[in-house]
Amino acid sequence: MTPASTANFRVETRTNISTIAAVAAVVIILALFALPAFASRSLIQDLFFILTMLTLAQFWNLLAGYGGLVSVGQQAFVGMGAYAMFAAVILWGLDPVPAILLGGLAALVLAVPFGFFAFRLQGAYFAIGTWVLAEVARLVIAQWRAVGGGTGTSLPRSATENIVFTETIATLLDVRAAAARDILA
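Predicted model, so just to flag it, every value in this text is computed and none were measured.

Conventions adopted
- Residues numbered from 1 in each chain as written.
- Predicted model: local features only at pLDDT ≥ 70, side-chain atom pairs only at ≥ 80, totals over all residues.
- Heavy atoms only, no water.
- Helix = DSSP H or I, 4+ residues; strand = E, 2+ residues; numbered from the N terminus.
- Rg over C-alpha atoms; globule rule 2.2 N^0.38 Å.
- Buried < 20%, exposed > 50% of the residue type's maximum accessible area, 1.4 Å probe, protein only.
- Contact = heavy atoms within 4.5 Å.
- Areas by Shrake-Rupley, 256 points an atom, 1.4 Å probe, with all protein chains shown as cover.
- Phe/Tyr/Trp six-rings, centres within 6.5 Å; stacked < 30°, edge-to-face > 60°.
- Lys NZ or Arg CZ within 6 Å of the ring centre and 35° of its normal.

Student: Explain the overall build of the protein chain to me, and be specific about the residues and the numbers.
Tutor: The helix and strand tally for the protein chain stands at 8 helices and 0 strands. Along the chain direction, N to C, the helices and strands of the protein chain fall in the order α-α-α-α-α-α-α-α. Scaling as 2.2 N^0.38, a compact globule of 185 residues should have a C-alpha radius of gyration of about 16 Å, whereas the protein chain reaches 22 Å, well beyond that. In terms of overall dimensions, the protein chain has C-alpha extents of about 75 × 50 × 25 Å along its principal axes. The buried share of the protein chain, reckoned over its 185 residues, is 25%. Considering only contacts in the protein chain between residues 6 or more positions apart, those separated by 24 or more positions represent 50%. Here the protein chain has roughly 13400 Å² of accessible surface; of this, 69% comes from carbon and sulfur atoms.

Student: Could you give me a rundown of the environment of Gly 81, with the residues and numbers involved?
Tutor: Here Gly 81 shows up in helix H3 (residues 75–92). C-alpha separation for the pair Gly 81 and Leu 101, spaced 20 residues apart in sequence, amounts to 8.7 Å.

Student: Give a description of the environment of Thr 160 that names residues and reports values.
Tutor: Among the secondary structure elements, Thr 160 is positioned in helix H6 (residues 157–161). As for Thr 160 and Asp 182, which are separated by 22 residues in sequence, their C-alpha atoms are 9.5 Å apart. Discounting chain neighbours no more than four positions away, the residues touching Thr 160 are Leu 155 and Arg 181.

Student: Talk me through the packing of aromatic side chains; I want residue IDs and the actual numbers.
Tutor: This model, assessed by the stated rule, comprises 3 aromatic pairs. Between the aromatic rings of Phe 77 and Phe 114, the centroid separation amounts to 5.6 Å while the plane-to-plane angle is 65°, which identifies the pairing as edge-to-face. Residue Phe 77 is found in helix H3, and its partner Phe 114 is found in helix H4 (residues 96–118); the two are separated by 37 residues along the sequence. For Phe 114, a relative accessible area of 13% gives the class buried. Taken together, a centroid distance of 5.2 Å and an interplanar angle of 80° make the contact between Phe 116 and Phe 117 edge-to-face. Here Phe 116 falls in the partly exposed class, since its relative accessible area comes to 45%. Against the face of Phe 116 rests Arg 120, its NZ or CZ located 4.0 Å from the ring centre.

Student: Explain the side chain of Thr 130 to me, using residue names and the numbers behind them.
Tutor: Note on placement: Thr 130 falls in helix H5 (residues 124–141). Classification of Thr 130 as buried rests on a relative accessible area of 8%. In this structure Thr 130 touches Ser 71, Val 72, Gly 73 and Ala 118, once residues within four positions along its chain are discounted.

Student: Break down the side chain of Ser 71 for me, with residues and values.
Tutor: Looking at the element boundaries, Ser 71 is found in the loop between helix H2 (41–66) and H3. Look past the residues within four positions of Ser 71 in its chain and what remains in contact with it is Trp 60, Leu 63, Phe 126 and Thr 130.

This is how it looks when you write it as structure tokens:
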């Protein structure tokens, strides 16, 4: 090799703009954590809805955009996680905050057999297959009367009165216990 062909290259993974974006992201995240201290309940509910839809859109982008898999059945995992969380709180008396983790585990347990069947399909068959699997999950869950069946249910007041960290947040942010529960839930 000649010295001219061994040119020095430099790869940068951090630029000035990426540093500014990272600092802005940290500031926004900190502001969102502090938001319940000074924002109205309706604003927080609207932001929660928007951020939930943004998360689901990112899931869709990962699956269809990067993976090339057009699925119309991913709502089964969101629903299974929610029903499992509600079942853990209503039937087993778990605190709602750790029950969220149980909901995630239930969605994982559902994903294993779904993946076994769905990933054997391609193209339009994959889309239709995921839709069918989600419909099967919906029909099975609709029979589960303890958590409201197909109509759903609400958490009982007894489950939401003593959520972990409620008193800490009420003291820290100087808000009532009801507002602290809203911040946690």
